[in-house]
Amino acid sequence: GEDVEQSLFLSVREGDSSVINCTYTDSSSTYLYWYKQEPGAGLQLLTYIFSNMDMKQDQRLTVLLNKKDKHLSLRIADTQTGDSAIYFCAESLDDKIIFGKGTRLHILP
Amino acid sequence: ETGVTQTPRHLVMGMTNKKSLKCEQHLGHNAMYWYKQSAKKPLELMFVYNFKEQTENNSVPSRFSPECPNSSHLFLHLHTLQPEDSALYLCASSPYGGRGRGTDTQYFGPGTRLTVL
């Protein structure tokens, strides 16, 4: 079946690292994505990783992929107030993208 | 700015009204999508258009009627909606479209917040 699971909430203190986790079900997924949605806005593509990679780093963002466990994580270093948003994990299947329900990241002062 | 624009950004309508949502992409993409995002459910794919042809209708009620006159424009015509149709309607586009092409990264517009009274 097609399912992407992620926890609904995460609270992190400003300056700390945030780690958002996701599990997916289909091992044939080609790409895995992280999208960010700020209040009142659409989804912004943050980063993606090809399924034959283990890690991808882009400035403060690090994506780790464990294909054996079908586990994807997004680490945000030095979390800032502007990182407060909902983060969606998604997997690609043929011509569809399956989204998780999103993790709401709350930044504590 | 993702290159995908949507108008209006907010819409309030009664159940007997007819209105349309508009999406335009300036990215030269070949595929366009309508999604519904509500508080209680994850993103729901509604319609997919590839090269102006509808390739997916995800069991959407007929009170939602899509139109894709060209690869850059997508409309969602609304009539006799129900209060449970209140949601954020997101448009997206992707470069390639088509089945069996592997993944195709989607770029989203800001959405239209629809409230049905």
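Predicted model only: the values in this text are computed from it and were never measured.

Thresholds applied
Residues numbered from 1 in each chain as written. Chains lettered and ligands numbered in written order. Predicted model: local features only at pLDDT ≥ 70, side-chain atom pairs only at ≥ 80, totals over all residues. Heavy atoms only, no water. Helix = DSSP H or I, 4+ residues; strand = E, 2+ residues; numbered from the N terminus. Phe/Tyr/Trp six-rings, centres within 6.5 Å; stacked < 30°, edge-to-face > 60°. Buried < 20%, exposed > 50% of the residue type's maximum accessible area, 1.4 Å probe, protein only. Lys NZ or Arg CZ within 6 Å of the ring centre and 35° of its normal. Polar contact = N/O pair within 3.5 Å; in protein donor to acceptor, adjacent residues only side chain to side chain. Contact = heavy atoms within 4.5 Å. Pairing = 2+ DSSP bridges. Axes fitted to C-alpha atoms, helices over the stretch in contact; angles between N-to-C directions.

## Observations concerning the environment of Leu21(B)
Within the secondary structure layout, Leu21(B) lies in strand β3 (residues 18–25). In this structure the C-alpha to C-alpha distance between Leu21(B) and Ser71(B), which are 50 residues apart in sequence, comes to 16 Å.

## Observations concerning the packing of aromatic side chains
Taken as a whole, this structure holds 12 aromatic pairs over all chains when the rule is applied. Judged by centre distance (5.8 Å) and plane angle (35°), the ring pair of Phe64(B) and Tyr89(B) falls under tilted. With Phe64(B) in strand β7 (residues 64–70) and Tyr89(B) in strand β9 (residues 87–94), this residue pair connects regions lying 25 residues apart in the sequence. Here the two residues Phe64(B) and Tyr89(B) agree in accessibility, since each one is buried. Here the aromatic cluster, defined as three or more aromatic residues joined through ring pairs, consists of Tyr31(A), Tyr33(A), Tyr35(A), Tyr48(A), Phe50(A), Phe99(A), Tyr33(B), Tyr35(B) and Phe108(B). One cation-aromatic arrangement involves Lys56(A) over Tyr48(A); the distance from NZ or CZ to the ring centre is 4.2 Å.

## Things to note about the side chain of Thr112(B)
All names here are of chain B. Tracing the backbone shows threonine 112 in strand β11 (residues 112–116). Judged by its relative accessible area of 0%, threonine 112 is buried. A polar contact is formed between the side chain of threonine 112 and the backbone oxygen of proline 8, at a distance of 2.5 Å. Sequence-distant contacts of threonine 112, that is, excluding residues within four places in its chain, are made with Gln6, Thr7, Pro8, Arg9, Leu11, Leu21, Ala87, Leu88 and Tyr89.

## Points about the sheet that holds β7(B)
Strands in a sheet are paired, the pairing made by backbone hydrogen bonds, and the direction either parallel or antiparallel. Residues and elements named next belong to chain B. Taken in spatial order, the 4 strands line up as β1-β3-β8-β7 in an open sheet, and their pairing is antiparallel. In this open sheet, the two strands that pair with only one neighbour each are β1 (4–7) and β7. Averaged over all neighbouring strand pairs, the angle between strand axes comes to 20°, with direction disregarded. As judged from the 5 bridges shared by β7 and strand β8 (residues 73–79), these two strands associate in the antiparallel manner. Paired with serine 65 across the strands is histidine 77, a residue of β8.

## Re the side chain of Gln37(A)
Its place among the elements puts Gln37(A) in strand β4 (residues 31–37). Separated by 2.9 Å, the side chains of Gln37(A) and Gln37(B) make a polar contact.

## Re the environment of Tyr89(B)
Residue and element names in this part refer to chain B. Under the relative-accessibility criterion, tyrosine 89 is labelled buried at 0%. Remark: the alpha-carbon pair of tyrosine 89 and proline 8, spanning 81 residues in sequence, is separated by 11 Å. Those residues in contact with tyrosine 89 that sit more than four places away from it in its chain are Gln6, Leu21, Trp34, Tyr35, Lys36, Met46, Phe64, Leu76, Gly111, Thr112 and Leu114. Reaching out from tyrosine 89, the side chain makes a polar contact with the backbone oxygen of aspartate 85 at a distance of 2.6 Å.

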